Structure formats: C-alpha cells, structure tokens
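Remarks on the overall topology
Single-letter residue listing:
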Amino acid sequence: MYDVCIIGAGVVGCSIARELSKYDKRVLLLEKSDDVSNGASKANSGIVHGGYTAKHGTLKGELSYKGNGMYKKLNEELNFGYRQTGSLVLGFSEEDRVILEGLIENGIKNGVGGLKIIEKEEVRKIEPNISTKVTCALLCEHTGITSPYEMVIALAENAVQNGVELRLQNEVKNILIEDDHFKIITNKGCVEAKYVINGAGVYSDKIANMVGLHDFSIIPRKGQYVLFEKGYGELVNRVIFQVPTKKGKGVLVTSTYHGNLMIGPNAEEISDKEDVSTNKEVLDYIVHRAKKSIEEFDMKKVITSFSGIRATSSTKDFIIEESRVAGFINVAGIDSPGLTSSPAIALKVIEILKDGGLDLNLRHDFNPYRESIIKNKKLSKEEVNKLINIESCPEKIICRCEQVTEGEIVDGLNRGIKVTSIDGIKRRTRAGMGKCQGAFCGKRVRKIIARENNMPEEFVTERGPGSSILGKRVKRNFYKE
Ligand SMILES: Cc1cc2nc3c(=O)[nH]c(=O)nc-3n(C[C@H](O)[C@H](O)[C@H](O)COP(=O)(O)OP(=O)(O)OC[C@H]3O[C@@H](n4cnc5c(N)ncnc54)[C@H](O)[C@@H]3O)c2cc1C
C-alpha cells in the first residue's frame, strides 16, 4: 500500500513528488504517457511570472509570487536552467497607463514589491528594439525565464533518486473508494494508496469524476507559438508583454532560456484536449500582434511552431484542496501561471496532507541535488566537424546544430527514468532542437537510445507509442512566412 499516489507527471505532479520525497513516505507517481512533462508543462512560455497580474484574493494571486521567489534555490539544487531577466508590460496610450497602474496596485496587494512605470525614453534605452510607438511600460525586475521541460525532468529525476516510484505508460482508468484507502485501476493493473493527488492537467475533471466529484470542468485553451533560431533571442533583454486583456496576458516576445526568440501565445478554446496542431492563420495573427511590440522580425530565422493546451477550470482559479471525498486532493485547473506557482503549489499540498492526517517526518538522507545534463560549449565549426566523424565515445558530436555529445545523450538515458523516444532525448539534451530540427541527428540519436536500452531500433519512437519512425521522418508542424 502506498501512502500517496499522484496522478500526472507534469510540473505539478513532479513538484509534489519531489517535495514528498523529503519525507518518510511511500509515494507513487502515475503517468499515462511514455515520459514526464508531456502535457502543458512541455509547451508553454517558460516565464516565471512576477506575480502582479494574477488577481488578488485568488489562489493564483497567492501562489505565483511565492513560487517566483522559490526558483533561485530550486535551480541551484536541480540545475534545470533559470535566469532572472526582468519584464516590461508595454503601454501605447494613456488608457494603457491606467491599466499598468492597476497592475501595480494588484501586485502590491499580492505582496509584490519593486514595480514601477518607466517612460518611453527609458524603455527604448534598456530595450532598443522596442517599437517607437511605446509610451510607457511597467518594469518588473524579478520576472524570469526557465526551461520548463528540463525543470520537470529535474524534479522527477530527483524525486526518483530520493525514493519516489514513477510508473510511465500507466493510465488511470478508474478509482474505487474503499474504507480507508483508494484502489486505483490503471491499464497495467491495480494499486492501493491512502491518499490520491489529482494532478492530471486537462484530464483532472475526468479523474475527479471517477470518485463521484462533478464540481468543476476543465476548458482546454490552446496557445500557439512561433520559435526562431538560437541567438535571435538577443533581440530583447527582458520578457516583453503587452497590457493584458480579459483573455489573458496577450502575445509576448521573449528569449527562451537557451537563447531562441519566441513569440506567442494566442488563446483559443478548443474541444479536443489532444489537439496540439498549429495553423498558419493563427501564427500569422501572432506575428501581427507581436509586431506591436517589435516592429520587424527576421522571418528567415523561424525554425518551427508549436502549441500547448491550458487546463482552465470552470471556476477560473486554481483548485487546490482536499475534496469532499476524504483523502482525495484536487490540484486542478492549473493554467497560467501554474509553472511559476508550482513550487508553492507543492508546499500547499504538503500542508493539506498534514491537515488531512498524514504524519510526515523529514528523512535525514534526502539529497536535494541533481546535475545538469546539458554541458554548454562553444565549439568552432571545424571542431564540430572533427568530433562528428570520430568513433563512438562520450566526446563525439551527435547533434551538429546544438553541439550535443554522445556523452550527454547517454547521461540523459541513465538517470533512473526510462527514455525510449527521440523527443525524450531532445528535451533532455537539446539534440534535434536546432536549425535542422533533427534532420541530421535523428537517426544517430535513435541508435544510441536503442543501444543504451538494449532494444531493437524499431522500438524507439518519435514521441511515444504510436509514433514509430523507422524508415521515415515524421514531418513536423513547420511555419515560415
Ligand atoms: C500556451 C501556454 C502558455 C503557458 N505559459 C506559462 C508561463 O509562461 N508561465 C507559467 O507560470 N505558466 C504557464 N503556463 C501554464 C503551465 O504550463 C501549466 O500551469 C503547467 O504546465 C500545468 O502543469 P500540470 O502538471 O498541472 O499539467 P500537465 O503538464 O498537463 O501534466 C498533467 C499530466 O497528467 C497526465 N495524465 C492525464 N490523465 C492521466 C491519467 N488518466 N492517468 C495518468 N496520467 C494522466 C498527462 O499525461 C500529463 O503528463 C502556460 C500554459 C500554456 C498551455
């Protein structure tokens, strides 16, 4: 019998798992997909928000600033990639200035300090590429950027290292309420746990339904992005927002943690919770909107497009509570700023478990540290070419664009989580994330995955079951003007 069973290995489930691994409890993390971070946590803006936008009095308002403040230490321990860049919310009119003042007021209520409005000249001084039409901006110094999937991988690796059991490809199909525990039925069998934590993202309403709870529903809201090549992120120094609308924070322009330029997202309600397609019409709209902030983009530098799905709850706020079913805890409706809030969400869940009667004692052998997989290097073209053609060894370059070595790929495959997809390695090492989008390294990565897992190459997939790639390259969504 497990003490706690967490459903869903996104940033929420993995943050909770890692927090729980500090205590003397048996914890099981169930994930239906073939890897961690395959839901919203892999496809988002990666912004560690400042905490001033989320409305005061909501859980989002309470947890986003708190979460932001926890990132520095978390990254020092887990090395997933985080940088405090600061952000600007641009204003283009006197009406916008009033909105910016409202954001400061809301921020102060949320406990956020250090916010100020700066004028056009200063905006253009610190961000020379910003539109000349800008009139003022809200400056927040503590906004940051992170690598969202690397964060989830790091949390999961560290949780597993500290004793959490992770079962991938285990889809929860039903939950039975017994006298003092739950029976959780998956596609692989049945497990028992005293407490269940529902962190199933867009499917958290369906999981709640399994124990007879119908208090909320999840409305999937898709956001699409255009991604430009590495280095072009230098176009901006900070995260550049426009004034928020009723639909959300609007289209932003930012560098990713690894230096790509990224613009997006839009927000569209969809009915299919799996629909992560992108389309030219929406991407054109995003570029058009982003041009309000930066007047010109070099569209020749676009490398791909992608989309993610927000799990917006019918209550319009995060739902983090022990439900009417004792021992069943919902952590649902975690849309933006869920990534920012996730470290604080995990602490809140620990308190809920304690209040619910779980006796939690700290372990003395908890190891908070995890090494980065990616080793930053700046090799010349000649050095790369030389290292591409050498015999198999840790220094051999496998991905030319991102200078990823065989050693990094082998490391990513041997961290306690079984990785059998090209995408899994891509998110761990960046192999395939460059200009050619894996055209050069795809086959080479596949061979190493097969070798290290001691399995036939045809069992290696592009992105999990049903995406076998042997003999053909699956064409990705690709956007160029
Ligand atoms: C377009 C977009 C932009 C965003 N930008 C930001 C941002 O810049 N900053 C920020 O703070 N937040 C942002 N967010 C929000 C953030 O991405 C989410 O809040 C966060 O990723 C939610 O994590 P999660 O673990 O709840 O969900 P997910 O990452 O979706 O994880 C849920 C997991 O549950 C699994 N699962 C589902 N059903 C079952 C089942 N039956 N059995 C087993 N497993 C199951 C899924 O496979 C999935 O892995 C953005 C979101 C989107 C979509």
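Above this text sits the structure in question.
Here the residue numbering is sequential within each chain, running from 1 through the sequence in written order. In view of the model being predicted, local features appear only for residues whose pLDDT reaches at least 70, and side-chain atom pairs are presented and counted only at 80 or more, with totals across whole chains, interfaces and linings using the full set of residues. Excluded from the side-chain calculation are hydrogens and water; included are all heavy atoms of the structure.

1. A few points about the overall build of the chain
Put simply, DSSP marks the helices as runs of H or I at least four residues long and the strands as runs of E at least two long, and each gets a number from the N terminus on. Scanning the chain from terminus to terminus reveals twelve helices and 22 strands. For the chain, whose C-alpha radius of gyration is 22 Å, the value lies close to the compact-globule estimate of 23 Å for 481 residues. Overall, the C-alpha framework of the chain stretches about 65 × 60 × 45 Å when taken along its three principal axes. For the chain, the residues scored as buried account for 58% of the 481 residues in total. Here the analysis covers contacts within the chain between residues at least 6 apart in sequence; of these, 74% occur between residues at least 24 apart. Approximately 20,500 Å² of the chain is accessible, and the part contributed by carbon and sulfur atoms is 50%. Across the chain, the 71 positively charged side chains and the 64 negatively charged ones have centroids separated by 4 Å. Taken over C-alpha atoms, the radius of gyration is set against a globule rule of 2.2 Å times the number of residues to the power 0.38. Burial here depends on accessible area, computed with a 1.4 Å probe over protein chains only, as a share of the maximum for the residue type. Under 20% is buried, over 50% is exposed, and the range in between is partly exposed. Note on contacts: a residue pair qualifies if any of its non-hydrogen atoms lie within 4.5 Å across the two residues. Each accessible area is a Shrake-Rupley estimate made with a 1.4 Å probe; only the visible protein chains count as cover when residues are assessed. Positive charges are assigned to Lys and Arg, negative charges to Asp and Glu, while His and the chain termini are left out of the count. Here the site of a charge means atom NZ of a Lys, CZ of an Arg, CG of an Asp or CD of a Glu.

2. Considerations on unusual backbone geometry
Here Gly264 and Pro265 are connected by a cis peptide whose omega angle stands at -10°. Counting through the fold element by element, Pro265 comes out in the loop between strand 16 (260-264) and strand 17 (268-269).

3. A word on the nonpolar core
For the purposes of this section, nonpolar cores are sets of buried Ala, Val, Leu, Ile, Met, Phe, Trp, Tyr and Cys residues that join through side-chain atoms within 4.5 Å. Grouped together as the largest cluster of nonpolar side chains are 49 residues, with contacts concentrated most on Leu20, Ile197, Ile320 and Val331. Taken together, the elements giving at least two residues each to this core come down to strand 1 (2-7), helix 1 (11-20), strand 2 (27-30), helix 2 (59-78), helix 5 (148-161), strand 12 (189-198), strand 20 (328-332) and helix 8 (338-355). Ranked by residues supplied to this core, first place goes to helix 8 with eight residues. Filtering out sequence-adjacent residues up to four positions away, Val331 remains in contact with Val12, Ile16, Ile197, Asn198, Gly199, Ile319, Ile320, Ile345 and Val349. Within the second largest apolar cluster, 28 residues are counted, among which are Ile118, Val226, Leu261 and Ile294.

4. A short note on the sheet that holds strand 8 (residues 144-146)
Pairing between two strands is assigned when DSSP locates at least 2 bridges connecting them. Across the sheet, three strands lie side by side as 3-8-4; this open sheet has antiparallel pairing. Pairing within the sheet leaves two strands with one partner each, and these edge strands are strand 3 (47-48) and strand 4 (82-84). Relative to strand 8, strand 3 runs antiparallel, the two sharing two bridges. Residue pairing for strand 8: Ile47 is matched across the bridge by Ile145. Seen against the sheet, helix 2 touches strand 3, strand 4 and strand 8 and runs at an angle of roughly 130° to strand 4. Only the contacting stretch of a helix is used when fitting its axis, a line to C-alpha atoms as for every element, and angles between N-to-C directions run 0 to 180 degrees.

5. Quick look at the site of the ligand
We call a residue near a molecule or strand whenever a single non-hydrogen atom of that residue lies within 4 Å of it. Residues in close proximity to the ligand total 38 residues, the closest being Glu31, Ser41, Ile47, Ile334 and Thr340. As used in this structure description, the phrase polar contact means that two N or O atoms lie within 3.5 Å; if the pair is within protein, one of them must be able to donate a hydrogen and the other to accept it, and residues adjacent in sequence are counted only when both atoms belong to side chains. In the environment of the ligand, a nitrogen atom lies 2.8 Å from a nitrogen or oxygen atom belonging to the backbone of Ile47. Contact distances for the ligand include 3.1 Å between an oxygen atom and a backbone N or O atom of Leu339. Burial of the ligand by the protein amounts to 96% of the accessible area it has alone, namely 1,000 Å². Those elements that provide at least two residues to the shell around the ligand are helix 1, strand 13 (218-230), strand 18 (302-313) and helix 8. Residue polarity follows a fixed list, in which Ala, Val, Leu, Ile, Met, Phe, Trp, Tyr, Cys and Pro are nonpolar, Asp, Glu, Lys and Arg are charged, and the others, Gly among them, are polar. Partitioning the shell around the ligand into residue classes produces 17 nonpolar, 16 polar and five charged.

6. Some points on the packing of helix 2 against helix 8
Interaxial distance between helix 2 and helix 8 falls to 6 Å at its minimum, and their mutual angle equals 95°. Considered as vectors, helix 2 and helix 8 are oriented roughly perpendicular to each other. Every residue of helix 8 that contacts helix 2 at Leu59, Glu62, Leu63, Ser64, Lys66, Gly67, Asn68, Met70, Tyr71 and Leu74 is listed here: Leu339, Thr340, Ser341, Ser342, Pro343, Ala344, Ile345, Leu347 and Lys348. In terms of residue class, the contact of helix 2 with helix 8 is made up of ten nonpolar, six polar and three charged. For this classification, under 35 degrees means roughly parallel, over 145 means roughly antiparallel, 65 to 115 means roughly perpendicular, and everything else is oblique.

7. Here we look at the layout of surface pockets
Empty space among the atoms becomes visible once a probe the size of a water molecule is rolled across them. Cavities and pockets were defined on a 1 Å grid built over protein atoms only: a cavity is a set of grid points that admits a 1.4 Å probe from which the probe cannot escape, a pocket is an open set flanked by protein on both sides within 12 Å along at least five of seven lines, and lining residues are those with an atom within 4 Å of any such point. Grid points are joined across faces, edges and corners, and a volume is the space filled by probe spheres set on the points. Approximately 630 Å³ is the volume found for the second largest pocket. For the second largest pocket, the lining is made up of 27 residues, of which Lys230, His258, Lys377, Lys378 and Glu402 are closest to its centre. Tallied by class, the residues present in the lining of the second largest pocket amount to six nonpolar, ten polar and eleven charged. Note that domain bounds follow an automatic or database assignment of domains. For the lining of the second largest pocket, the domains that each give at least three residues are domain 1 (81-144 + 223-308) and domain 2 (381-459).

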